[in-house]
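Chains, contacts and geometry: an overview
If you want the building blocks of each chain, they are given just below.
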Amino acid sequence: MTTSRPPSAVPPPVRFGLVGYGFGGRYFHAPLLGAAPECEFLGVVTSSPDRRALVDEDSPGRSTFGSLEELAAAGAEAVAISTPAATHSELTDRALELGLAVVCDKPFALDAAAATRSVELAERLGLALSPYQNRRWDSDFLTVRRLVADGTLGDVVRFESRFERLAPDAGPGASGGGTLLDFGSHLVDQSLVLLGPVDSVYAEWRLRENGLDDDVFVALAHANGARSHLWGSWSQGAPGPRFRVTGTAAGYVHRTLMDVQEDVLLAGHTPATLGAEWGAEPAERWGRLYRGGAGETVPTENGAWDTFYPSFARAVRGLGPLPVDPRDAIASATVLDAARRSATEGVVVSL
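My aim in this report is to walk through the structure given alongside it, one point at a time. (Residues numbered from 1 in each chain as written. Predicted model: local features only at pLDDT ≥ 70, side-chain atom pairs only at ≥ 80, totals over all residues. Heavy atoms only, no water.)

**Quick word on the overall build of the protein**
When its secondary structure is counted, the protein shows 11 helices and 15 strands. Its C-alpha atoms give the protein a radius of gyration of 20 Å, near enough to 20 Å, the size a compact globule of 351 residues would have. A principal-axis box enclosing the C-alpha atoms of the protein has dimensions of 65 × 45 × 40 Å. Within the protein, the proportion of its 351 residues that are buried is 52%. Sequence separation of 24 or more characterises 70% of the internal contacts of the protein that already satisfy a separation of 6 or more. Accessible surface for the protein amounts to roughly 15100 Å². Of this, 52% is attributable to carbon and sulfur atoms. (Helix = DSSP H or I, 4+ residues; strand = E, 2+ residues; numbered from the N terminus. Rg over C-alpha atoms; globule rule 2.2 N^0.38 Å. Buried < 20%, exposed > 50% of the residue type's maximum accessible area, 1.4 Å probe, protein only. Contact = heavy atoms within 4.5 Å. Areas by Shrake-Rupley, 256 points an atom, 1.4 Å probe, with all protein chains shown as cover.)

**Regarding the layout of surface pockets**
Vacant regions in the atomic arrangement are exposed by a probe of water-molecule size rolled over the atoms. Estimated volume of the largest pocket: approximately 890 Å³. What lines the largest pocket is a set of 37 residues, among which Phe23, Gly24, Ser82, Asp105 and Ser175 lie closest to the centre. Only α1 (23–35) and α7 (179–195) provide two or more residues apiece to the lining of the largest pocket. Top element by residues in the lining of the largest pocket is α1. It accounts for five residues. The space that makes up the second largest pocket amounts to roughly 230 Å³. Lining the second largest pocket are 15 residues, and of these Arg26, Ala30, Pro31, Asp58 and Thr270 sit closest to its centre. Listing elements by their share of the lining of the second largest pocket, those giving two or more residues are α1 and α8 (260–266). (1 Å grid on protein atoms, 1.4 Å probe; cavity = no way out; pocket = protein on both sides within 12 Å on 5 of 7 lines; lining within 4 Å. Points joined across faces, edges and corners; volume = space filled by probe spheres on them.)

**Let's talk about the side chain of glutamine 190**
Among the secondary structure elements, glutamine 190 is positioned in helix α7. In this structure the side chain of glutamine 190 is engaged in a polar contact, spanning 2.8 Å, whose partner is the backbone oxygen of arginine 135. In this structure, glutamine 190 is in contact with Arg135, Arg136, Asp138, Phe141, Phe159, Ser161, Arg242 and Phe243, ignoring residues within four places of it in sequence. (Polar contact = N/O pair within 3.5 Å; in protein donor to acceptor, adjacent residues only side chain to side chain.)

Laid out in structure tokens, this is it:
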């Protein structure tokens with residue numbers, strides 16, 4: 001006779017692997033996977049001897065695997081993919097076909113057609129699939145969402161959002177697929193979360209000699225009448241504020257460009273080492289609320305990147321929703337496809 005587990009019992013952790021150990025895999029995914037009690041971090045899939053050495057340096061004794069097949073054979077139930085953009089769809093689909101639940105870093109796919117194929121494959125196989133849109137849990141974006149939800153801003157009429165930096169020699173890495181796909185995946189996702197579907201897209205970009213775009217502007221007209229103006233750049237000597245949100249009752253400006261969670265992860269901290277201090281922005285980095293005049297400082301919400309993997313693990317166990325609906329990746333990719341066409345042809349694209 002089979003005995004069901006009592007509802008109060010803690011489910012076993014989801015056995016997780018990580019594919020790729022570049023910047024994102026090493027500094028963002030691995031520490032958060034390792035710190036989540038809902039996940040058992042089995043090891044890293046990489047064929048590079050140098051990357052295997054880094055895994056051992058960072059986490060002595062952690063396993064490495066030569067392929068997804070080896071990871072699955074070791075008992076993995078789920079995998080996070082943090083590899084060059086051009087490999088995301090192939091690896092996502094192969095992992096799904098091996099019976100693994102999948103988290104895929106941005107850009108989820110190079111275009112909407114590839115995103116749709118992966119999402120439909122996961123639905124057909126009954127497997128959990130989620131884009132890794134951790135920027136939904138940035139401290140500043142959570143603050144924007146709070147100010148919108150509680151009515152402080154009134155109705156939002158324009159949302160300005162930027163990922164701008166001055167690194168012209170480095171430029172956008174080929175692994176990210178260019179600035180529109182790399183930065184734009186986060187910028188567009190946040191705008192859709194905040195303001196909903198888009199009716200039309202206009203974009204401008206500058207292409208480098210290597211064919212990658214390193215400076216992008218995207219304007220979105222949302223179905224609710226609001227507008228999003230989004231910038232991504234590697235060659236901006238005077239970066240604008242991270243957010244400027246204009247509402248009918250007030251405006252909000254947040255100037256700090258990068259979330260504190262990025263800083264602390266790069267410094268070697270994890271949610272386990274910082275505890276309740278995780279994601280807390282110092283007061284000097286808080287944004288300001290304006291109704292004309294000098295404005296007032298608004299406390300910033302604590303960032304919550306550490307909630308993504310526990311939430312995904314619960315979804316794998318059938319105990320809650322996915323942290324990010326995979327069809328949101330199709331919606332973002334559709335907008336990015338339209339932006340690419342707009343920038344290339346010089347037209348406004350209707351959706």
